[in-house]
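Chain by chain, the residues:
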Amino acid sequence: QEQLVESGGGLVQAGGSLRLSCAASGRTVSSYVMGWFRQAPGKEREFVAAAITGGPTSHADSVKGRFTISRDNAKNTVYLQMNSLKPEDTGVYYCAAGSGRGFSRPNEYDTWGQGTQVTVSS
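Residue positions are counted from 1 within each chain, in the order its sequence is given. Restriction of local features to residues with pLDDT of at least 70 applies here, the model being predicted, together with a cutoff of 80 or more for giving and counting side-chain atom pairs; totals for whole chains, interfaces and linings are based on all residues. Values shown for side chains rest on all heavy atoms present in the structure; no hydrogens or waters enter the calculation.

Caption draft 1: Structural view of the pairing of strand β11 (residues 116-121). Whether a residue is buried, partly exposed or exposed follows from its accessible area with a 1.4 Å probe, protein chains only, as a fraction of its type maximum: under 20%, in between, or over 50%, in that order. Under the scheme used here, helices are H or I runs from DSSP no shorter than 4 residues and strands are E runs no shorter than 2 residues, and both carry numbers assigned from the N terminus. Only one face of β11 is covered, namely the face carrying T116, V118 and V120; the face carrying Q117, T119 and S121 is uncovered. Pairing geometry for strand β2 (residues 10-13) and β11, over 4 bridges, is parallel. The residue of β11 that forms the bridge with V12 is V120. A pair of strands is treated as paired once DSSP finds two or more bridges between them. Note that strand β9 (residues 91-98) and β11 share 3 bridges and pair antiparallel. Paired with G91 across the strands is V118, a residue of β11.

Caption draft 2: The sheet that holds strand β3 (residues 18-25), seen in detail. Taking strand neighbours across the sheet as the criterion, the 4 strands line up as β1-β3-β8-β7 in an open arrangement whose pairing is antiparallel. Each end of this open sheet is capped by a strand with a single partner; those strands are β1 (3-7) and β7 (67-72). Recorded for the sheet is a direction-independent mean angle of 15 degrees between the axes of neighbouring strands. As paired elements, β1 and β3 share 5 bridges and run antiparallel to each other. Here an angle of 0 to 180 degrees is reported between the N-to-C directions of two axes, which are lines fitted to C-alpha atoms, with helices fitted over the stretch in contact.

Caption draft 3: Structural view of the packing of aromatic side chains. Between the rings of Phe, Tyr and Trp (Trp by its six-membered ring), a pair exists once the centres lie within 6.5 Å; its type follows the angle of the planes, with under 30 degrees stacked, over 60 edge-to-face, and the other angles tilted. Applying the stated rule across the entire model yields 6 aromatic pairs. With a centroid separation of 5.8 Å and 70 degrees between ring planes, the pair formed by F37 and F47 is classed as edge-to-face. Of this pair, F37 sits in strand β4 (residues 33-39) while F47 sits in strand β5 (residues 46-51), and the two are 10 residues apart along the sequence. Judged by its relative accessible area of 0%, F37 falls in the buried class. Through pairs of rings, three or more aromatic residues link up here, namely F37, F47, Y94, F103, Y109 and W112. Two conditions define a charge located above a ring, namely a distance within 6 Å from the ring centre to NZ of Lys or CZ of Arg, and an angle within 35 degrees of the ring normal. A cation over an aromatic ring shows up here: R45 above the ring of W112, its NZ or CZ 4.8 Å from the ring centre.

Following this line, the structure appears as structure tokens:
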């Protein structure tokens, strides 16, 4: 059974850092597009970052230079390092796996984790 489990969320002050982890089972992260999305209350789920099959990564303009996606194939885990956090980064962060149809839209992914809450206070 394919499963993604996120961890690492929490409450942090503006300017602080968090590292989110996404542990995969039943699926090898190196073989799929792995993405991070976030959803704030009352807003649509939005793309944050993706690790594309073969090595390239992509980050949303709103997080470029602050967030970095990476994957550890040996641990079958994907990470999102978040630095210089802002209150507008607050939301539930979801990890997702896709087959490579694309990487920036939620409907391009077919497996999702349960999400982890990130709250950034001002």
